[in-house]
Amino acid sequence: MGFLSKEAFTAVIDNTPLVSIDLVVENDKGEVLLGFRNNRPAQGLWFVPGGRILKNESLDQAFLRLSEHELGVGYARANANLLGVYEHFYEDSVMGSHPSTHYVVLGYHLEIGDNDLPLPLGEQHQRYIWMDKHKVSTHPEVHAHSAAYIPALELGNK
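In this report, the structure presented in the accompanying data block is examined. Quantities reported herein were computed from a predicted structural model and do not represent experimental measurements.

### Some points on helix H2 (residues 59-71)
In this model, H2 (13 residues) spans 17 Å end to end at C-alpha, consistent with the 18 Å of a helix rising 1.5 Å per residue. For H2, the set of buried residues is Ala-62, Phe-63, Leu-66, Ser-67, Glu-70 and Leu-71. With its buried residues spanning 120 degrees around the axis, H2 presents them on a single face. Each element contacted by the buried residues of H2 is listed here: strand S1 (18-26), strand S2 (31-37), strand S4 (50-52), strand S5 (80-90), strand S6 (101-111) and strand S7 (125-132). Gly-72 lies just past H2 and shows a positive phi near 90 degrees.

Next comes the structure, spelled out in structure tokens:
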């Protein structure tokens, strides 16, 4: 799995959708984990953890890598339930105001017993919050793409 130069990655973002995994992490209190985003897109808003799938990386490998990187603990994809496939469109990207970004996202629900995760700060998130899932949809600082997972959570819990 290699990494592209900034110029090459910008061309990819400008010409193709990116494929990613979002981790909708719920504790035993019915709270969902959200991180306050440092980077574009969705900068300055609460968003569920997640990230891009890399070239030649299986879904299982990506899930393990992303959960370890975003949560501080690696989880197997078998421990989660697929909520669905989502599309996220942004006017900006990690590169700045141009190019725009199109993601095809696999949303996974991961239930954990409590909220005692060693959540890493820095690159992606400056802080985390556990928010009651019923408040996620109406909170003004939660990005709409993260709020869109809540109906699928509700269907899965019935």
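Moving on, there is more to tell.
### Describing the packing of aromatic side chains
For the structure on display, the rule yields four aromatic pairs. Aromatic pair Tyr-86 and Tyr-149: ring centres 4.7 Å apart, planes at 75 degrees, arrangement edge-to-face. Here Tyr-86, found in strand S5, pairs with Tyr-149, found in the loop between helix H4 (144-147) and helix H5 (150-156); they are 63 residues apart in sequence, far enough to count as distant. Under the relative-accessibility criterion, Tyr-86 is labelled buried at 17%. Taking the relative accessible area as the measure of exposure, Tyr-149 reaches 0% and is therefore buried. For the ring pair Tyr-90 and Tyr-103, a centre distance of 6.0 Å and an interplane angle of 90 degrees mean the geometry is edge-to-face. Here the residue Tyr-90 occupies a position in strand S5, and Tyr-103 occupies one in strand S6, the gap between them amounting to 13 residues. Of note, Arg-127 hangs over the ring of Phe-36, and the distance from its end group to the ring centre comes to 4.3 Å.

Criteria and cut-off values
Residues numbered from 1 in each chain as written. Predicted model: local features only at pLDDT ≥ 70, side-chain atom pairs only at ≥ 80, totals over all residues. Heavy atoms only, no water. Helix = DSSP H or I, 4+ residues; strand = E, 2+ residues; numbered from the N terminus. Expected span 1.5 Å × (residues − 1). Buried < 20%, exposed > 50% of the residue type's maximum accessible area, 1.4 Å probe, protein only. Arc of directions from axis to C-beta. Contact = heavy atoms within 4.5 Å. Phe/Tyr/Trp six-rings, centres within 6.5 Å; stacked < 30°, edge-to-face > 60°. Lys NZ or Arg CZ within 6 Å of the ring centre and 35° of its normal.

The values reported here are purely geometric and, on their own, carry no functional implication.
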